[in-house]
Amino acid sequence: MSSQDIPEENLPAEQDAHGAVGVADEKDPFADPGLPPHEHRVQDIDERAARRSERTVAMLFTVSMLSTIGFIASYVGIPHDKSIFVFPIGHINALNFALGLTLGLALFAIGAGAVHWARTLMSDEEIADERHPIEAPPEVKAKVMADFKQGAKESALGRRKLIRNTMFGALALFPLSGVVLLRDLGPLPGTKLRHTMWRKGLQLVNVNTNEPLRPSDVAVGSLTFAKPEGLEEHDEEFQTEIAKAALMIVRIQPDNIKDKRELEWSYEGIVAYSKICTHVGCPISLYEQQTHHVLCPCHQSTFDLSDGARVIFGPAGHALPQLRIGVNDQGYLEALGDFEEPVGPAFWERG
Amino acid sequence: MSTTESSESRARGKAPAGERVADWADGRLGIYSLAKSNMRKIFPDHWSFMLGEVCLYSFIIIILTGVYLTLFFHPSMNEVEYHGSYVPLQGQLMSEAFNSTMHISFDVRGGLLIRQIHHWAALIFLAGMFVHMMRVFFTGAFRKPREVNWLFGFLLFVLGMFTGFTGYSLPDDLLSGTGVRFMEGAVLSVPIVGTYLSFFLFGGEFPGGDFVARFYSIHVLLLPGIMLGLVVGHLILVIYHKHTQFAGPGKTNNNVVGMPLLPVYMAKAGGFFFLVFGVIAAIAAIASINPIWSMGPYRPDQVSTGAQPDWYMGFSEGLIRVMPGWEINFWGHTLVLGVFIPLVIFPLVLVAIAVYPFVESWVTGDKREHHILDRPRNAPTRTAFGVAWITWYMVLLIGGGNDLWATHFHLSINAITWFVRVAFFVAPVLAFVATKRICLGLQRRDKEKVLHGRESGIIKRLPHGEFIEVHEPLSQEQLHTLTAHEQYEPAQIGPAVDENGVERKIKGTEKLRAKLSEAYYGDEAQIPKPTVEEYKEITSGHGHH
């Protein structure tokens, strides 16, 4: 790009030419030889080459104009739901493809034209400009300091301490109003994080079929997701409730359940665990039938559902809470109470 | 005024229209004084100086496309049923935010393109800032007088991260909702006030019905407003300080060598804006990004595998994934170290690089202005620190994608997690040592080149049968360029006794500074550059080259 990249400068002929410009002397071979002389581009010497460059730039600008017309034509002409096959991308939306490429080309051509113009036809002679120290000269500094002292003195701020102190007080206090105003951003947590919708007698409803679950619906090796009876998608608070109440149900041979309490809280080997990871709250959704391990797909915390859902790998800090379940008179699975501990991520008041 | 007079005589008392407009503006805005100092402002030329331009232009593109998106986006979490033209989601319940994003993507002509340009430009903006920041770091462009501008740039990077996060959370899709849930879990881990912060942020329990609207005003007003101010300040300082330049013939600390703003940089930089915009538009045409329709609306009890944040949030994801799940329970309280420690390290990773310029200026004690850039090899300790930091960052990025590494390369996720846990501590150290050695090697090579010339590739046989390679002496330009850098002497602790012979108390900071200085500039840390005497002795000797 710039002339100093050209190794031909090493040639003896070139070196002679430089001797005249540089300040090379016997004392310091490393001395700064000064700016190398400007080297002419072909466009500077040959008007035909310059005209070729001119035509190239004009062509690029013309391409841009045509491309913009293509953009408008695509916008008007291509149905917005038309799909086309483009190798190697695959099936894509034709309108998006056409609009993006025409817009891209229209913009790129302007840029390419401008840069080519600058590189071939505008002067490429390097110019040196002086720098000046950023810091002010001493006399300016002295003047500013004197002005400041004068101003401070005239304000009498240093002398009238009462004004100063009350002003600081007022300025320090008024932002408190702003902080207070933030109070109603949300309700106080209270014990909300400790409770879910689950209570004694609520049936377990399959999330996919929206039907209450019977023990026979839960086969060994299957993973079923459940919600509390009465919680419907259209409910105002559905998202917030399901964020705490979501259940994961599996059936394990009772002999294989290692944890005594887990066995006690299960029904014929059917166990119900919170689906919300105790790490940072992702829904756990990967189940390994053979080992009864569940894995959170977000951060890979792994829990052993046959052993009280204790953490066996990953960043989670404690086991998944278990919901105590039984079967009601109609033979459906039901909760025997709320979770005994808070579901989801740990927090300061959790204890 | 002489110019007015001359043009008056030329145009019979009537200046050209452009000049009259300029005169009008000058009388009110003083544009001529501004133009005098800036119209022919000199900018030096180097490819790496374009990186900052990429950031500026992608920022402008983001604002332009973002304003367009606000015309169609509804920042509301009211649940509605989908009846748009994307068949697979027909009848599904979703928030209005998701619904309107679907509308933009499928029913507004060009809406998908603008959405994709917006998102791609955001990724490129952050990537551009990262690389630009590294360029500034490795060339020492952050030194006096540019420390404040370094901080402006750093703040832009951090704010850009959060603007990106609040932005990609707006569509309320399954992937971004998972990210917001992660954030909620992280906020909950804060001791004492965590639950309160979370309830104030979400207007109650997660997810509630407020966060999209709140994120929206943060994303389109608060953060971009601050960033716009910082960008303007950043650019004003660049112009005020004048750009740095690499050492070379004719380039000194007191001048700036390059091409003038008008016309060359006007055309080059202005053209480059269109190049960047064009390339991003083309990417948005062919590469789909954040296809929310395939992920579906957010539900807190659903998730897809392979969930990943946008790349710039990946290192925080890595922190949270590899941290062991420590929890301490005491007196009815829980200290969630497994989440809180990553939450604290997250800003520290960024601060580590942000404060570096101040550490270095303290160690060197150098109060002068620096406008000549360092080659990275000539500041081995700084370069090694930078590479160690990047290594740290990359290790965490690997940790953030540990599931993808596992599935794509058929590795054990446990092994990757353990690798990252160890590498978090070890890899930066190894990178530091290796980089420093490479830098010293390159310094030796430069010295060798200066003293013995460059290898020409020509093999000569001497009369007595010996083969030698002919070395060509360097031009004076090259000799100057390779020896122009400055080498500091390690700082000494002052004399242990004062002028009266009384033992002086040496402060701990003073000792630390001397130690660091020795590590930076001691015998082990830099190769003394060739002296004139060395050069003369070698070149004046046997003239076999």
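Note that the coordinates shown come from a computational prediction; the quantities given were computed from them, not determined experimentally.

Criteria and cut-off values
Residues numbered from 1 in each chain as written. Chains lettered and ligands numbered in written order. Predicted model: local features only at pLDDT ≥ 70, side-chain atom pairs only at ≥ 80, totals over all residues. Heavy atoms only, no water. Axes fitted to C-alpha atoms, helices over the stretch in contact; angles between N-to-C directions. Helix = DSSP H or I, 4+ residues; strand = E, 2+ residues; numbered from the N terminus. Parallel < 35°, antiparallel > 145°, perpendicular 65-115°, else oblique. Left-handed = near helix turned anticlockwise from the far one by under 90°. Contact = heavy atoms within 4.5 Å. Nonpolar A, V, L, I, M, F, W, Y, C, P; charged D, E, K, R; others polar. Domains from an automatic or database assignment. Disulfide = S-S within 2.5 Å. Buried < 20%, exposed > 50% of the residue type's maximum accessible area, 1.4 Å probe, protein only. Phe/Tyr/Trp six-rings, centres within 6.5 Å; stacked < 30°, edge-to-face > 60°. Lys NZ or Arg CZ within 6 Å of the ring centre and 35° of its normal. pLDDT = per-residue confidence, 0-100. Patch = residues over 30% accessible without salt bridge, like charges linked within 9 Å, V, L, I, M, F, W, Y side chains within 5 Å. Areas by Shrake-Rupley, 256 points an atom, 1.4 Å probe, with all protein chains shown as cover. Salt bridge = Lys/Arg side-chain N within 4 Å of Asp/Glu carboxyl O. 1 Å grid on protein atoms, 1.4 Å probe; cavity = no way out; pocket = protein on both sides within 12 Å on 5 of 7 lines; lining within 4 Å. Points joined across faces, edges and corners; volume = space filled by probe spheres on them. Pairing = 2+ DSSP bridges. Buried area = accessible area lost by both parts, 1.4 Å probe. Core = buried A, V, L, I, M, F, W, Y, C linked by side-chain atoms within 4.5 Å.

Caption draft 1: Fine view of the packing of helix α6 (residues 111-138) of chain B against helix α7 (residues 147-168) of chain B. Residue and element names in this part refer to chain B. Contact pair α6 / α7: the axes reach a minimum separation of 10 Å and the direction vectors enclose 155 degrees. Regarding the angle of α6 to α7, the classification is roughly antiparallel. Like other packed secondary-structure pairs, α6 and α7 cross with a definite hand, here left-handed. Across the interface between the two elements, H119, L126, M129, F130, M133, V136 and F137 from α6 touch W150, F154, L156, F157, G160, M161 and Y168 from α7. Among the residues making up the contact of α6 with α7, the classes are represented as twelve nonpolar, two polar and no charged.

Caption draft 2: Layout of the domain arrangement of chain A. When the domains of chain A are assigned, the result is domain 1 (42-120), domain 2 (138-174) and domain 3 (193-335). Averaged C-alpha coordinates put domain 2 of chain A and domain 3 of chain A at centres separated by 67 Å.

Caption draft 3: View of the state of the cysteines. Residue and element names in this part refer to chain A. Taken as a whole and assessed by the stated rule, the structure comprises one disulfide over all chains. A sulfur-sulfur distance of 2.1 Å marks the disulfide that ties C282 to C298. Taking the sign of the torsion about the S-S bond as the criterion, the disulfide between C282 and C298, at about -90 degrees, is left-handed. Note that C282 is positioned in the loop between β7 (270-274) and β8 (286-288) and C298 in the loop between β9 (293-295) and β10 (302-304), a separation of 16 residues in sequence. For C282, a relative accessible area of 2% puts it in the buried group. Between C296, a free cysteine, and C277, which holds the nearest cysteine sulfur, the sulfur-to-sulfur gap is 4.2 Å.

Caption draft 4: Representation of the packing of aromatic side chains in the model. All names here are of chain B. Applying the stated criterion to the full structure yields 42 aromatic pairs over all chains. Both rings, one in F130 and one in Y393, keep their centres 4.9 Å apart while their planes meet at 45 degrees; by these two values the pair is tilted. In this pair, F130 is assigned in helix α6 and Y393 in helix α16 (residues 380-400), connecting sequence segments 263 residues apart. When the ring of F162 is compared with that of F346, the centres are 6.1 Å apart and the planes differ by 85 degrees; the resulting orientation is edge-to-face. With F162 in helix α7 and F346 in helix α14 (residues 337-354), this pair connects stretches of sequence that are 184 residues apart. Classification of F162 as partly exposed rests on a relative accessible area of 33%. Assessed through its relative accessible area of 13%, F346 is described here as buried. Ring pairs connect the aromatic residues F130, F157, F162, W311, Y312, F315, F346, W389 and Y393, which therefore count as one cluster. Of note, K268 hangs over the ring of Y265, and the distance from its end group to the ring centre comes to 5.9 Å.

Caption draft 5: Broad picture of the confidence of the model for chain A. In this model, chain A carries an average pLDDT of 89, and 93% of its residues clear a pLDDT of 70 or more. The model gives residues 1-24 of chain A a pLDDT under 50, and that stretch makes 29 contacts with residues more than four places away or in other chains.

Caption draft 6: Region of interest: a nonpolar patch on the surface. Residues and elements named next belong to chain B. A cluster of nonpolar residues, L151, V344, L348, V351, V355, F358 and V359, forms a patch on the protein surface that exposes about 500 Å² of accessible area. Listed by contribution, the elements that provide at least two residues to the nonpolar patch are α14 and α15 (356-364). Top element by residues in the nonpolar patch is α14. It accounts for three residues. The residue L348 is located in helix α14 in this model.

Caption draft 7: Structural view of the layout of surface pockets. Residues and elements named next belong to chain B. If you add up the space inside the second largest pocket, you get close to 1200 Å³. Lining the second largest pocket we find 50 residues, and of these F49, G52, E53, V238 and H243 sit closest to its centre. Ranked by residue count, the leading element in the lining of the second largest pocket is helix α11 (residues 261-286), at eight residues. Residues belonging to the lining of the second largest pocket are distributed by class as follows: 31 nonpolar, eleven polar and eight charged.

Caption draft 8: Representation of the sheet that holds strand β11 (residues 310-313) of chain A. Residues and elements named next belong to chain A. Strand order in the open sheet formed by four strands is β8-β9-β10-β11, and the pairing between neighbours is antiparallel. Lying at the two open borders of the sheet, with one neighbouring strand each, are β8 and β11. The average angle at which neighbouring strand axes cross in this sheet is 30 degrees, direction not considered. Relative to β11, β10 is paired through three bridges, and the arrangement is antiparallel. In the sheet register, T302 faces β11, and the bridge partner there is F313.

Caption draft 9: Layout of the interface of chain B and chain A. Every contact between the two is made by 120 residues of chain B and, on the other side, 99 residues of chain A. Interface area for chain B against chain A, summed over the two sides, is near 9200 Å², with a carbon-plus-sulfur share of 62%. When residues of chain B are sorted by the area they lose upon contact with chain A, R109(B), F200(B) and Q476(B) head the list and together hold 8% of the total. Where chain B touches chain A, the interface holds three salt bridges.

Caption draft 10: Spotlight on empty space enclosed by the protein. Counted under the stated rule, the structure contains four cavities of 30 Å³ or more. In terms of lining residues, the largest cavity is bounded by 13 residues, among which L193(A), K244(A), V343(A), R181(B) and E184(B) are the most central. For the lining of the largest cavity, the secondary structure elements donating two or more residues are α8 (238-245) of chain A together with α8 (174-188) of chain B. Ranked by residues supplied to the lining of the largest cavity, first place goes to α8(B) with three residues. Here the lining of the largest cavity is composed, by residue class, of eight nonpolar, one polar and four charged. Put simply, the second largest cavity is a space of about 70 Å³. N93(A), L95(A), S105(B), G110(B) and L112(B) are the residues nearest the centre of the second largest cavity, which is lined by 13 residues in total. The set of elements that each furnish at least two residues to the lining of the second largest cavity consists of α4 (94-120) of chain A together with α5 (96-106) and α6 of chain B.

Caption draft 11: Representation of the domain arrangement of chain B within the structure. All names here are of chain B. Looking at the assigned domains, one finds that chain B contains domain 1 (2-38), domain 2 (51-364) and domain 3 (375-487 + 526-545). With 32 residues of domain 2 in contact, the opposing surface of domain 3 contributes 27 residues. Taking both partners together, domain 2 and domain 3 bury about 2500 Å²; carbon and sulfur atoms supply 73% of that area. Counting the surface domain 2 buries against domain 3, the share from its top three residues, F138, R321 and V322, is 25%.

Caption draft 12: Focus on the sheet that holds strand β1 (residues 42-43) of chain B. Spatially, three strands are ordered β3(A)-β5(B)-β1(B) in an open sheet, and the strand pairing comes out antiparallel. Two strands lie at the open edges of the sheet, namely β3 (127-130) of chain A together with β1 of chain B, each paired on one side alone. By the bridge criterion, two bridges tie β1(B) to strand β5 (residues 255-260) of chain B in an arrangement that is antiparallel. Across the sheet, I42(B) pairs through a bridge with P260(B), a residue of β5(B).

Caption draft 13: Local environment of the nonpolar core. Of all hydrophobic cores here, the largest spans 100 residues; its most connected members are M102(B), F157(B) and M161(B). In terms of residue count, the dominant contributor to this core is α6(B) (16 residues). With sequence-adjacent residues up to four places away left out, M161(B) is seen in contact with L126(B), Y312(B), M313(B), F315(B), F346(B) and L350(B). Listed in part, the 21 residues of the second largest apolar core include V207(A), F225(A), V250(A) and A316(A).

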